[in-house]
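# Commentary on secondary and tertiary structure
For reference, the chains in residue letters:
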Amino acid sequence: MGQLESSHPRWDKEVCERLVAGDEAALGELYDEFSPLVYGLAVRVTRDWAAAQDITQEVFVRVWRDPQAFDPARGSWRRWLGIMTHRRAVDWVRRSAARRRRTAEAAPPVAAPDPEETAVAGSVAKSVQAAVDDLPAAQREAIRLAYFDGQTYRQVAETLGIPEGTAKSRLWQGLRGLATRLQAEGIEP
Amino acid sequence: MNDNHAAVTELLGAWALDACSAEETATVEGHLAGCPTCSAEADRLGRATAGLATTVAVLPPARLRGAVLAGARAARPAAGEEASAGYAAWVDRFDMLLEGLTPAQWRERVVHDWTVQDLVAHLIATDELLVAQLGAGGAETPEDPAELDGTLPVRRSAASIGEHRGRPPGRTRGAWRAQADRLLRDARSNTPGALDRQVRLADPRLPRQPLRTALVQRLFETWIHTDDVRRVLGGPPAPPDERHVALIVAFGLRLLPAALRLAGADRPPRSARLLLVGPGGGDWTISPAVQDAPARPPAATVTMEAVEFCYLLGNRRDPVSVPHRVEGDPAVAATLLRAATTLGCD
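The rules behind these values
Residues numbered from 1 in each chain as written. Chains lettered and ligands numbered in written order. Predicted model: local features only at pLDDT ≥ 70, side-chain atom pairs only at ≥ 80, totals over all residues. Helix = DSSP H or I, 4+ residues; strand = E, 2+ residues; numbered from the N terminus. Buried ≥ 20, exposed ≤ 12 C-beta atoms within 10 Å, placed from the backbone. Contact = placed C-beta atoms within 7 Å. pLDDT = per-residue confidence, 0-100. Nonpolar A, V, L, I, M, F, W, Y, C, P; charged D, E, K, R; others polar. Core = buried A, V, L, I, M, F, W, Y, C linked by C-beta atoms within 7 Å. Axes fitted to C-alpha atoms, helices over the stretch in contact; angles between N-to-C directions. Parallel < 35°, antiparallel > 145°, perpendicular 65-115°, else oblique. Left-handed = near helix turned anticlockwise from the far one by under 90°. Expected span 1.5 Å × (residues − 1).

Moving on to the overall build of chain B. In terms of regular secondary structure, chain B is built from 13 helices and six strands. A buried classification covers 43% of the 346 residues belonging to chain B.

Attention shifts here to the environment of V15(A). All names here are of chain A. Along the chain, the position of V15 falls in helix α1 (residues 9-20). Along the backbone, V15 and P72 are 57 residues apart, and their C-alpha atoms lie at a distance of 9.8 Å. Beyond its immediate stretch of four places on either side in the chain, V15 contacts A26, E29, L30 and W77.

All names here are of chain B. This prediction gives chain B a mean pLDDT of 87; 91% of its residues lie at or above 70. Mean pLDDT per element in chain B: strand β4 (residues 282-286) is the minimum at 84, and helix α12 (residues 306-313) is the maximum at 96. The complex prediction reports pTM at 0.61, with the ipTM value standing at 0.91.

With 66 residues of chain A in contact, the opposing surface of chain B contributes 49 residues. Of all elements in the fold, only α1, α2 (24-46), α3 (49-65), α4 (77-103), α5 (123-133), α6 (137-148), α7 (153-160) and α8 (164-184) of chain A reach the threshold of two or more residues within the side of chain A that touches chain B. Looking at the side of chain A that touches chain B, the element that brings in the most residues is α2(A), giving 13 residues. Taken together, the residues that form the side of chain A that touches chain B break down as 35 nonpolar, 18 polar and 13 charged.

In this structure, A146(A), L171(A) and V249(B) are the most contacted members of the largest nonpolar core, which totals 144 residues. A per-element tally of this core places helix α11 (residues 242-262) of chain B first, with 13 residues. The contacts of A146(A), once residues within four sequence positions are left out, are Q151(A), Y153(A), V156(A), L171(A), A14(B), L17(B) and A19(B).

Below, the discussion takes up the packing of α3(A) against helix α4 (residues 63-75) of chain B. Relative placement of two packed helices is described by the angle separating their axes and the distance separating the axes. Put simply, α3(A) and α4(B) touch, their axes get as near as 9 Å, and they point 40 degrees apart. Judged on the interaxial angle alone, α4(B) and α3(A) are oblique. Read as a crossing pair, α3(A) and α4(B) show a hand that is right-handed. Residues Q53(A), T56(A), Q57(A), F60(A), V61(A), W64(A) and R65(A) of α3(A) form the contact with α4(B), whose participating residues are L64(B), A67(B), V68(B), G71(B), A72(B) and A75(B). Here the contact of α3(A) with α4(B) is built from residues that sort into eight nonpolar, four polar and one charged.

The end-to-end C-alpha distance of helix α5 (residues 79-99) of chain B is 30 Å, a good match for the 30 Å that 21 residues give at a rise of 1.5 Å each. As for α5(B), its buried residues are in contact with α7 (116-134), α9 (169-188), α10 (211-232) and α11 of chain B.

Quick look at unusual backbone geometry now. All names here are of chain B. Its identity is not glycine, yet H112 carries a phi of approximately 50 degrees, on the positive side. Inspection of the secondary structure assignment puts H112 in the loop between α6 (103-106) and α7. We classify H112 as exposed; it has 10 C-beta atoms within 10 Å. Unusually for a residue other than glycine, N315 sits at a positive phi of about 60 degrees. Within the fold, N315 resides in the loop between α12 and β6 (325-328).

Residues and elements named next belong to chain B. Viewed as axis vectors pointing N to C, α11 and α12 meet at an angle of 55 degrees, and their least axial separation amounts to 9 Å. Classed by the angle they form, the pair α11 and α12 counts as oblique. Between α11 and α12 the crossing geometry is left-handed. On the side of α11, the interface is formed by V245, I248, V249 and G252, while α12 contributes A306, V307, F309, C310 and L313. Within the contact of α11 with α12, the residues separate by chemical class into eight nonpolar, one polar and no charged.

Next comes the structure, spelled out in structure tokens:
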């Protein structure tokens, strides 16, 4: 389930109800299902193991404290956890960039792969990757910089040497293309 | 609302990727709330970003799991601990109240035609239904299925009341307290998974629930009887504290779909939104359907105070006159409120 297949609305709702009722086992199940998604995304964006662990902890504790912030009618746990994780990771990247600017510190080296870590690619991930690979290269690159490197569209424009308006429209077109293809394939992340 | 529609449309892609400035993010989100076109588009783009997240999944270090769960427990205790602590608190409060009663007060009528002593005898009977399932080693006595109908708690109560009438009230109080302490001891015994054990609630027609939920029902009933007795003595009401309201509300929500089905209100299944305001409240959609119905908007929205909902669950409020507001189909709302009153224990 979860990582390996499309989302399960029924399971999502049931887990939410159990969390509201204070059922700790439900949090364990949610963690087992989605910690690779949360941790993997946080590592990819922050490139910092300790920050990724903090973010993972923050996201799941937040869900436990306030499970009702998740509304099963508005999307899956996967989607909600992805949103919460990405926002925190991007905040972390922007805060640490600001700190480096203040201290004139050099950018940290990109983290080497953790020997402990194992990539987990389910069928959803494989379909998404195939769809990303089929995007026009300019859109793919813009999305990579924004989503996985945590850049704002202004930074994306600067990195690629294109006008801000072009960066905005590449991001939008790329996402649109991805969404349309996932929908056509019946994939509901 | 539409003054910045064009600007927001341009920003939606960047927004969905968290690639806007804080000000732009606020502008987009302010606009989305009032623009169905943009919010549908945002939803479509959200599907794509959720997909992107799956492509970089990696297993976290194994030790992180324990740290996350411990952090969660520190932030909010699990329901089992909360329920047994809450139940213990109401057992103490009820016991203190009973301790100060005069013989005449023990004979006051409380609810139905029950005196205070009858009420305590009734509580002994409903607590006992749970105690019997926990007992030594948790061995369960096989029961005659014909006995397990909706009248079981009523018959058990009547027997207990008959047994205690004519006894000194102090003995009834002592028997109740000793049994409540035993129940707490059994529930708190540190067997792993003890609180996940499925047990029958007072009404055997309801689906079995984990012990933690049954403890919330004990908390709930002990509270409501404390409140009953205080009211009869002319004291101020004893509403539950915020955390206890939240537990009782969660208990009610968990069982309402089954209560609606027992009342035959699932044909056709129509969902209702329950908006509970004040301490312990929240916003829920309740559907009597066993299977997930296609997402349809709730047929009615009922708004009321969370604490009033607790009294309603205890059948201490009338489903018609309890202060509440209904939007949408009044029949669906009325059915929901009526079903809620069946989840008490008397």
